[in-house]
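Listed below, chain by chain, are the residues.
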Amino acid sequence: MAVGDHPDATLDEPTQVLEFTVGDERYCVVLDSVAEIIDRQLSRSLPDAPPHVVGVMDYRGVTTTLVDTARLLGVGSNPEASRVIVFDTGKEDDDVYGWLVDEVYRVTDLDPSDVDDSPFGDDRTRGIVRTDDGLVVWVDPPTESPSNP
């Protein structure tokens, strides 16, 4: 899928994104999709959960699915990462979920001219961002709970 073909693409003006690391890789998501960034909380494992689901944790009184982001993105596994990017799909019947990440890097304005089409053709990768210090993969979080494969 080309960047311009993405259903949520707003590439005619700068977009704020949150950059983060998973292992040695850098990624970003649209800042509007992020509810909060927190330190990892105590979690409980779930029987029969998909391989990318580490378990659940309590986030402000809401049971929250905790995702091994490295495994979800296909770049290994890091279920012990220390930071959590919390997403809320905004759907009443859906739960909040968190992506485990190693480090939250920065919030930045993304200029449309710095985004190249994704060479992968998948639904999760929105594009490749060229920055002064390397490439960043722009990804979309799932629009529903990742515990429902």
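Residues numbered from 1 in each chain as written. Predicted model: local features only at pLDDT ≥ 70, side-chain atom pairs only at ≥ 80, totals over all residues. Heavy atoms only, no water.

Let us now look at the overall build of the protein chain. The helix and strand tally for the protein chain stands at one helix and twelve strands. The N-to-C order of helical and strand elements in the protein chain reads β-β-β-β-β-β-α-β-β-β-β-β-β. When contacts within the protein chain are restricted to residue pairs at least 6 apart in sequence, long-range pairs at least 24 apart make up 56% of them. Approximately 7900 Å² of the protein chain is accessible, and the part contributed by carbon and sulfur atoms is 44%. (Helix = DSSP H or I, 4+ residues; strand = E, 2+ residues; numbered from the N terminus. Contact = heavy atoms within 4.5 Å. Areas by Shrake-Rupley, 256 points an atom, 1.4 Å probe, with all protein chains shown as cover.)

Moving on: the sheet that holds strand 10 (residues 115-116). One open sheet accounts for six strands, arranged 9-1-2-12-11-10; its pairing is mixed. Only two strands of the sheet have a single partner each, and these edge strands are strand 9 (103-110) and strand 10. In terms of strand pairing, strand 2 (residues 25-30) meets strand 12 (residues 134-139) through two bridges, oriented parallel. Each residue of the ladder has a partner; that of Tyr-27, found in strand 12, is Val-137. (Pairing = 2+ DSSP bridges.)

Right, let's talk about the sheet that holds strand 3 (residues 34-39) for a bit. Read from one edge to the other, the open sheet built from six strands follows the order 3-7-8-6-5-4, with strand pairing classed as mixed. On the outer flanks of this sheet lie strand 3 and strand 4 (43-44), each paired with one strand and no other. Where strand 7 (residues 83-87) lies against strand 8 (residues 97-101), five bridges are found, and the strand directions are antiparallel. Counted as the bridge partner of Ile-85 is Trp-99 from strand 8.

Checked against the element boundaries, Thr-125 lands in strand 11 (residues 125-131). For the pair Thr-125 and Val-29, spaced 96 residues apart in sequence, the C-alpha separation works out to 9.9 Å.

Nothing here speaks to function; it is geometry throughout.
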